[in-house]
Amino acid sequence: MVMIIQTYGTMLLKAMGHTLLLCLLSLVFATIIGMIFGLMNVGHNRLLNFIGTVYVDAVRGVPLIVLAYFIYFGIPAGIQSLGFTGFKMDALQAGTIALSMNCGAYMAEIVRAGIQSVDRGQMEAGRSLGLSYGAGMALIVVPQAVRTMIPSIINQFIITLKDTSILSVIGFPELTNVGKTIMGNTFKNLQAWAIVGIMYLIVITLLSKVSKRIERRINRGR
Amino acid sequence: MADNKDVKISVKNLKKSFGTLEVLKDISLEVTEGEVVVLIGPSGSGKSTLLRCLNQLEKATSGQIMIDGFDVTDKHTDINKVRENIGMVFQHFNLFNHLNVLKNMTLAPVHLKRLSKEDARDKAMQLLERVGLSDKAQAYPSQLSGGQKQRVAIARALEMNPDIMLFDEPTSALDPEMVGEVLAVMKELARDGMTMMVVTHEIGFAREVASRVIFMEGGYIIEEGTPEEVLDHPKEPRTIDFLSKVL
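Residues numbered from 1 in each chain as written. Chains lettered and ligands numbered in written order. Predicted model: local features only at pLDDT ≥ 70, side-chain atom pairs only at ≥ 80, totals over all residues. Heavy atoms only, no water.

Trainee: Help me understand the nonpolar core, please; the structure alone is not making it clear to me.
Mentor: Among soluble globular proteins, nonpolar side chains are generally buried collectively. All names here are of chain B. In this structure, Ile40, Ile154, Met165, Phe167, Met186 and Met196 are the most contacted members of the largest nonpolar core, which totals 49 residues. Per element, the largest residue contribution to this core is 8 residues, and it comes from helix α6 (residues 176-191). Among all residues touching Met186, those that are not within four sequence positions of it are Ile154, Phe167, Pro170, Met196, Val198 and Phe205. Core analysis: the next-biggest nonpolar cluster, separate from the first, contains 38 residues, Leu14, Ile27, Ile65 and Met160 among them. (Core = buried A, V, L, I, M, F, W, Y, C linked by side-chain atoms within 4.5 Å. Buried < 20%, exposed > 50% of the residue type's maximum accessible area, 1.4 Å probe, protein only. Helix = DSSP H or I, 4+ residues; strand = E, 2+ residues; numbered from the N terminus. Contact = heavy atoms within 4.5 Å.)

Here it is as structure tokens:
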């Protein structure tokens, strides 16, 4: 165990960095995607409702690993067959897209549920004062919805951090992938995977602690 | 109508359906400046729906509604602009729970650039004083009693300087001992000449303050007139029946 840490320590830390980078990028895009599709789903425009529902159902209905393969191998192959033979996508790009799309769909559901949990009278009061639908959403409904959404969002962030390990299948050098490499080099299954597991555990525990603190601070402002 | 008083609200042949359920069947009425019109009737008679159609929180199915000369049923009318001049008070107050009293009141006028931040603040403080809540400016809605919430809600609507006020059962969700304080604010408003439409079960309030009482049932206006006419000498059997139950 000490040997592994001595030999592969920097490699593991670098891999953890990659995991966090992938996770962070995905969370940023997923939040944007979730906001957009979540708002599409709560509005009264049938076409937007339809698009939002299709997106959420489609992404939720496909395993992340298949989505990752599709984006990393399928899409470049498709674009190349159209004549753009030089088209390439690296593993980080493909991984970020796959994870953002996946997490975004769940975030859309969290946003939708959060907004729908706010009493209809709040929007009505805003509209009766002359505010537009958009202003009512931005100034009245969403700020209240965010408070109920935060525990689910934190949960989704943790799931996304763990889901980065699935992207080891497309060769992105994140933590799980590096764990495989170490295992292949040393044949020390138990120690290698114990170290990788503990590293995830530490980061996720820290993340939950920080999130809990943020949650408490927001609730205090009530 | 060639009245010399301004017609503030004019409703012609208004119909409103929710799916197959027709809630308003054929409503026509006019309200002139300074009138206090009280709508009474059994639940499900369409009183609240009528009120909510006036500022288009419910879209009319057919018919015409003119507010201050603007046709609010016309798609080209900027409904948000018209709503700025119609205050509405709800049964469940609908104060913005994440904002304190002052922010509740200044949010809309500042966002819509009707008032500067400072002016909105000053005006809010004056209004709070008027409804007897100057000490609650920094309080959050969850820290107020029902009666206080409703008085803030009235002040919030007045902050926009509306020329019409709609009250949708403003005292129905209140504990009995708090009804008086809200009605007192409404009476003062009526005395100051505000054009008001009030849906309420407070027959005493209607008798004291209303310039006109309208009795509705089943989506129709059954009877209307002065409080004496409708409340003390009703002609329609359905009005008599209803009053015998609530008085």
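Trainee: In this structure, what is going on with the sheet that holds strand β1 (residues 7-18) of chain B? I would like to understand it.
Mentor: Sheet strands pair via backbone hydrogen bonds, and the direction of the pair is either parallel or antiparallel. Residues and elements named next belong to chain B. Strands sit in the order β2-β1-β4-β5 across an open sheet of 4 strands; the sheet is antiparallel. Edge positions in the sheet fall to β2 (21-32) and β5 (70-71), since each of these pairs with one other strand and no more. Pairing analysis gives 8 bridges linking β1 to β2, with the strands arranged antiparallel. From the neighbouring strand, Leu14 faces β2, where its bridge partner is Ile27. The sheet strands contacting helix α1 (residues 47-54) are β1, β2 and β4 (62-67), and the helix crosses β1 at an angle near 120°. (Pairing = 2+ DSSP bridges. Axes fitted to C-alpha atoms, helices over the stretch in contact; angles between N-to-C directions.)

Trainee: Mind showing me how you'd approach the environment of Ile158(A) here?
Mentor: Residue and element names in this part refer to chain A. On the secondary structure map, Ile158 appears in helix α6 (residues 133-163). The spatial distance from the C-alpha of Ile158 to the C-alpha of Leu92 is 19 Å, given a sequence separation of 66 residues. With residues near it in sequence (within four places) discarded, Ile158 still touches Ile204, Leu207 and Ser208.

Trainee: Which parts of the structure should I look at to understand the side chain of Thr164(A)?
Mentor: With respect to the helices, strands and loops of the structure, Thr164(A) is situated in the loop between α6 and α7 (175-186). Those residues in contact with Thr164(A) that sit more than four places away from it in its chain are Thr19(A), Leu22(A), Cys23(A), Leu99(A), Glu174(A) and Tyr200(A).

Trainee: Looking at this model, I keep getting lost on the pairing of strand β10 (residues 220-225) of chain B. Mind explaining?
Mentor: Residue and element names in this part refer to chain B. The sheet contact formed by strand β9 (residues 212-217) and β10 spans 5 bridges and is antiparallel. If you follow Glu217 over to β10, its bridge partner there is Tyr220. Remark: 2 residues form the turn of the hairpin made by β9 and β10, two consecutive strands paired antiparallel; Gly218 in that turn has positive phi of roughly 55°.

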